[in-house]
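Chain by chain, the residues run as shown.
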Amino acid sequence: MEIQFITHNSSKFEEVSKVANEYNLSVKWFDHEYDELQEDSLETIAHKSCLGILQVKPELKTTHFFLEDAGLFIESLNGFPGPYSAYVFKTIGNNGILNLMKNEKNRNAYFKSAIAYFNRNTIETFTGITKGSITQSVIGEGGFGFDPIFVPEDKDQTFAEMTLATKNLYSHRQKSLRILFTSLTAFVKQ
Ligand code: ITT
């Protein structure tokens, strides 16, 4: 069964294909930039993005594909940027977030990943959360997005300091992916 992953972010695709390998699944990259509707929940955004893509690319109706929407939720900012993460990253970036949190003692935050999977018929959503904290400065060169300012719980490195394999042990994305891939491989075994 061929599964396509729709994203414009090559780093996301790398993370996804490494986890897929562990399940002997081959995921193909479908490079497409799509408009995300602004909604309060990542699951709704992912679900609606899936519906939107099926409208503009009706040829996908006979295929299996998924996409993913992720966000960083910061406790002292009441969950901001959350579903607005892409816009906030583009506009104020990591330094802008650190400035908003200047003198803030509560550094708690979590990353959430929401996958919407289309199985030729219906759309299912899967989520994963990784708790952690926001650093005082930008640290590390790897990864992408907010990786240099996020340290997962009980670890002492930011996601940007970790190898891809290590980020894939702790990330929000591998958690939602493992739920999806487990259900897909269970289905194949039946
Ligand atoms: P898509 O084409 O898949 O939508 P994207 O990079 O726009 O790729 P999202 O909309 O899911 O991805 O991400 C929202 C923002 O959160 C965006 O600025 C990302 O850089 C950031 N982000 C998402 N996942 C992340 C991760 O694992 N580590 C750090 N930042 C992340």
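Computed from a predicted structure; not experimentally measured.

(A) View of the overall build of the protein. Along the backbone of the protein there are six helices and six strands. Ordering the α and β elements of the protein from the N terminus gives β-α-β-α-β-α-α-β-β-β-α-α. Principal axes of the C-alpha set define a box for the protein whose edges measure 50 × 30 × 25 Å. Residues classed as buried in the protein amount to 47% of the 190 residues present. The long-range share in the protein, meaning contacts at least 24 apart out of those at least 6 apart in sequence, stands at 60%.

(B) How the structure looks around the pairing of strand E5 (residues 123-134). For strand E4 (residues 108-119) and E5, the ladder comprises eleven bridges, and the chain directions are antiparallel. Its bridge partner lying in E5, Ala114 is registered against Thr127. Counting the residues that bridge the hairpin from E4 to E5 gives three residues, and of these Arg120 lies at a positive phi of roughly 75°. Two strands pair when backbone bridges link them, and E5 and strand E6 (residues 150-152) are joined in this way by three bridges, in the antiparallel orientation. Across the sheet, residue Ile134 finds its bridge partner in E6, namely Phe150.

(C) The arrangement of the site of the ligand in detail. Neighbouring the ligand are 20 residues; Thr7, His8, Lys12, Asp147 and Lys167 lie closest to it. A distance of 3.1 Å is found between an oxygen atom of the ligand and a side-chain nitrogen or oxygen belonging to Glu36. In the environment of the ligand, an oxygen atom lies 3.1 Å from a nitrogen or oxygen atom belonging to the side chain of His172. Across the complex, the protein chains shield 90% of the 600 Å² of accessible surface that the ligand would expose by itself. Because more than half of its atoms lie within 2 Å of the grid, the ligand is assigned to the largest pocket. At the level of elements, strand E3 (64-74), helix H3 (85-91) and helix H6 (172-189) are the ones that each hand at least two residues to the shell around the ligand. Considered class by class, the residues forming the shell around the ligand number seven nonpolar, six polar and seven charged.

(D) A look at unusual backbone geometry. Geometrically, the link from Phe80 to Pro81 is a cis peptide bond, its omega value of 0° lying close to zero. Positionally, Pro81 belongs in the loop between E3 and H3. Positive phi, normally seen in glycine, also occurs at Asn78, with a value near 55°. Looking at the element boundaries, Asn78 is found in the loop between E3 and H3. The residue Asn103 is not glycine, and still its phi comes out positive at about 65°.

(E) Spotlight on the layout of surface pockets. Taken as a whole, the largest pocket encloses approximately 860 Å³ of empty space. What lines the largest pocket is a set of 31 residues, among which Asn9, Lys12, Glu36, Ala86 and Lys90 lie closest to the centre. Those elements that provide at least two residues to the lining of the largest pocket are E3, H3 and H6. Class assignment of the residues belonging to the lining of the largest pocket gives a composition of 13 nonpolar, nine polar and nine charged.

(F) Representation of the sheet that holds E6 in the model. The strand order across the open sheet built from six strands is E2-E1-E3-E4-E5-E6, with neighbouring strands paired in mixed fashion. A strand with exactly one partner marks an edge of an open sheet, and here the two such strands are strand E2 (27-31) and E6. Adjacent strand axes in the sheet meet at a mean angle of 35°, parallel and antiparallel pairs treated alike. Of the pairings in the sheet, the one linking strand E1 (residues 3-7) to E2 comprises five bridges and is parallel in character.

(G) Main features of the pattern of salt bridges. The tally for this structure, following the rule as stated, stands at nine salt bridges. The closest approach of N and O atoms between Arg173 and Glu68, which form a salt bridge, is 2.9 Å. Residue Arg173 is found in helix H6, and its partner Glu68 is found in strand E3; the two are separated by 105 residues along the sequence. The buried category is assigned to Arg173, whose relative accessible area is 2%.

Criteria and cut-off values
Residues numbered from 1 in each chain as written. Predicted model: local features only at pLDDT ≥ 70, side-chain atom pairs only at ≥ 80, totals over all residues. Heavy atoms only, no water. Helix = DSSP H or I, 4+ residues; strand = E, 2+ residues; numbered from the N terminus. Buried < 20%, exposed > 50% of the residue type's maximum accessible area, 1.4 Å probe, protein only. Contact = heavy atoms within 4.5 Å. Pairing = 2+ DSSP bridges. Near = heavy atom within 4 Å. Polar contact = N/O pair within 3.5 Å; in protein donor to acceptor, adjacent residues only side chain to side chain. Areas by Shrake-Rupley, 256 points an atom, 1.4 Å probe, with all protein chains shown as cover. 1 Å grid on protein atoms, 1.4 Å probe; cavity = no way out; pocket = protein on both sides within 12 Å on 5 of 7 lines; lining within 4 Å. Sits in = over half its atoms within 2 Å of the grid points. Nonpolar A, V, L, I, M, F, W, Y, C, P; charged D, E, K, R; others polar. Points joined across faces, edges and corners; volume = space filled by probe spheres on them. Axes fitted to C-alpha atoms, helices over the stretch in contact; angles between N-to-C directions. Salt bridge = Lys/Arg side-chain N within 4 Å of Asp/Glu carboxyl O.

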